[in-house]
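Observations on chain architecture
Now for the letters of each chain:
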Amino acid sequence: MAAVDVERVENNLRTLKLSGRVGFDSLPDQLVSKSVQNGFIFNILCIGETGLGKSTLMDSLFNTSFESTPSPHTLPSVKLKAHTYELQESNVRLKLTIVDTVGYGDQINKEESYRAVVDYIDAQFEAYLQEELKIKRLLNNYHDTRTHICLYFICPTGHGLKSLDLVCMKKLDTKVNIVPIIAKADTISKTELQKFKSKIMQELTANGVEIYQFPIDDESVSEINSNMNSHVPFAVVGSTDFVRVGNKMTRTRQYPWGNVQVENETHCDFVKLREMLIRTNMEDMREKTHCKHYELYRKKRLEQMGFSDVDAENKPVSFQQTFEAKRNNHVQELQKKEDEMRQLFVVRVKEKEAELKEQERELQERFDKHKKAHAEEKKKLEEAKKKLEDDVIEFNRRKTQFSYHTMTLGKSKKK
């Protein structure tokens, strides 16, 4: 009944004109002020083989030094290391978390490489879900570690994607916003680079991998985003070295044949990536992470827990009704298990009693057998004793008789 009333109210909404200024047009300003006061959170996941320049690119993107340490190629498994930093630009504070896949692609069994990444992303979703399900939630002060963007670093081979790249991106495209980038793009010529980009996009499309598309529904950024979508994957170069170009110190990679300027758009797509990632679409990535990827994870987890928005007859059902139904089912299951355990206990007690009775019967039989054998042995001994006594009596009788005859014979000889 309540749902019908709400629907009726929504269908009867009327648009009214104000006769004077009220002041709720300041809501956007209030929202901006509140957001600036609370600060922002942005989490980046960098996936790529060791040595592709992930840390260098992060230093270049945020124009700082995160002081990361190089990783070896000999790790037995993939480890994800997350580091959180506090950055401030003007009066805007940003809590930035950079997650690096240490040892990615270095193992013989490549299956474990992407599995560690998937488990990490799911673990961050699960942590947020558990906080959300608490009775006393602290989401305003909660450090949200959900991954907002995945920068997938592609090795600049010029021959297309590796099977590991396709498998990993396919496993992640429903969990995170993926932006593929060609690392160390200064190692490929411009002609080869364009062919490489086309081949990468063809392979991604052929394998059904959905990468992040810069939004074009906002008129203020639709033109630039539509143009930038055609430049994906971005071919980037990072550097920690600065060289003076004119009156400005710029990040540059120096070679014997010349210099590659990181922020020169004719040299690489670094400026395009920074524009799209940080200056134009950061909030959209945060929103898509919450409204799309997290919602999908949340839906699956709640369905695994047995919750649903409709019942078996496809009728709307409230969360409380589902909870009560699950609780009743749980109580019934517990009662059923208790009854089964009680019956099992009774059966086992009866089996034990029967076993004890059988053992008692066997012991009684053995006792009777030993008793009978003892009686027979005793009888034999008594008979032997009686015979021995008879033999002694007979012996004594004969001894006496023999003595008498001897004495009689002696007297006769004397006469």
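Refer to the preceding data block for the structure.
Residues numbered from 1 in each chain as written. Predicted model: local features only at pLDDT ≥ 70, side-chain atom pairs only at ≥ 80, totals over all residues. Heavy atoms only, no water.

1. Focus on the overall build of the protein
Rules: In DSSP terms, a helix is any run of H or I states spanning at least four residues, a strand is any run of E spanning at least two, and both are numbered starting from the N terminus. Atoms considered for the radius of gyration are the C-alpha atoms alone. The globule rule reads 2.2 Å times the number of residues to the power 0.38. Each residue's exposure class comes from its accessible area (1.4 Å probe, protein chains only) as a fraction of the maximum for that residue type: buried when under 20%, exposed when over 50%, partly exposed otherwise. When checking whether two residues touch, look at their non-hydrogen atoms; a contact exists if any pair is within 4.5 Å. Residue exposure ignores everything except the shown protein chains as possible cover, and the areas themselves are Shrake-Rupley values with a 1.4 Å probe. When charges are counted, Lys and Arg are positive and Asp and Glu negative, with His and the chain ends excluded. For this purpose, a charge sits on NZ of Lys, CZ of Arg, CG of Asp or CD of Glu.
Each helix and strand in the protein was counted, giving 10 helices and nine strands. Taking 415 residues into account, the globule formula puts the C-alpha radius of gyration at 22 Å, and the protein, at 45 Å, lies well above it. On the principal axes, the C-alpha backbone points of the protein span a range of 175 × 75 × 40 Å. A buried classification covers 32% of the 415 residues belonging to the protein. In the protein, once contacts between residues fewer than 6 apart in sequence are set aside, the share between residues at least 24 apart is 68%. Carbon and sulfur atoms form 53% of the exposed surface of the protein, whose accessible area is close to 28700 Å². One finds the centroid of the 67 positive side-chain charges in the protein at a distance of 11 Å from the centroid of its 64 negative side-chain charges.

2. Focus on unusual backbone geometry
Glycine aside, negative phi is the norm for most residues, and most peptide bonds take the trans geometry. With an omega of 0°, the peptide bond between Val232 and Pro233 qualifies as cis. In this fold, Pro233 is placed in the loop between α7 (222-229) and β6 (234-235). The backbone of Asn63 shows a phi angle near 50°, a positive value even though the residue is not glycine. Since its relative accessible area comes to 55%, Asn63 is described here as exposed.

3. Things to note about the sheet that holds strand β8 (residues 248-255)
Our working rule: Should DSSP find at least two bridges between two strands, the strands are regarded as paired. As a rule, the C-alpha atoms of each element are fitted with a line to give its axis, helices using only the stretch in contact, and angles between N-to-C directions run from 0 to 180 degrees.
As summarised here, the arrangement of the three strands in space is β7-β8-β9, forming an open sheet in which the pairing is antiparallel. Sheet topology places β7 (242-245) and β9 (258-261) at the edges, where each strand pairs with a single neighbour. With direction set aside, neighbouring strand axes in the sheet form an average angle of 60°. Bridge count for β8 against β9 is four bridges, and the pairing is antiparallel. Directly across from Tyr255, in β9, lies its bridge partner Gly258.

4. What about the layout of surface pockets?
Our working definition: Computed over the protein atoms alone on a 1 Å grid, cavities are sets of points where a 1.4 Å probe fits but cannot get out and pockets are open sets with protein on both sides within 12 Å along at least five of seven lines; a residue lines them when it has an atom within 4 Å of a point. Grid points are joined across faces, edges and corners, and a volume is the space filled by probe spheres set on the points.
Here the largest pocket is characterised by a volume of approximately 980 Å³. Considering each element in turn, the lining of the largest pocket owes the most residues, six residues, to helix α2 (residues 27-38).

5. Section: the environment of Lys411
By secondary structure assignment, the location of Lys411 is in helix α10 (residues 319-414). C-alpha separation for the pair Lys411 and Arg137, spaced 274 residues apart in sequence, amounts to 135 Å.

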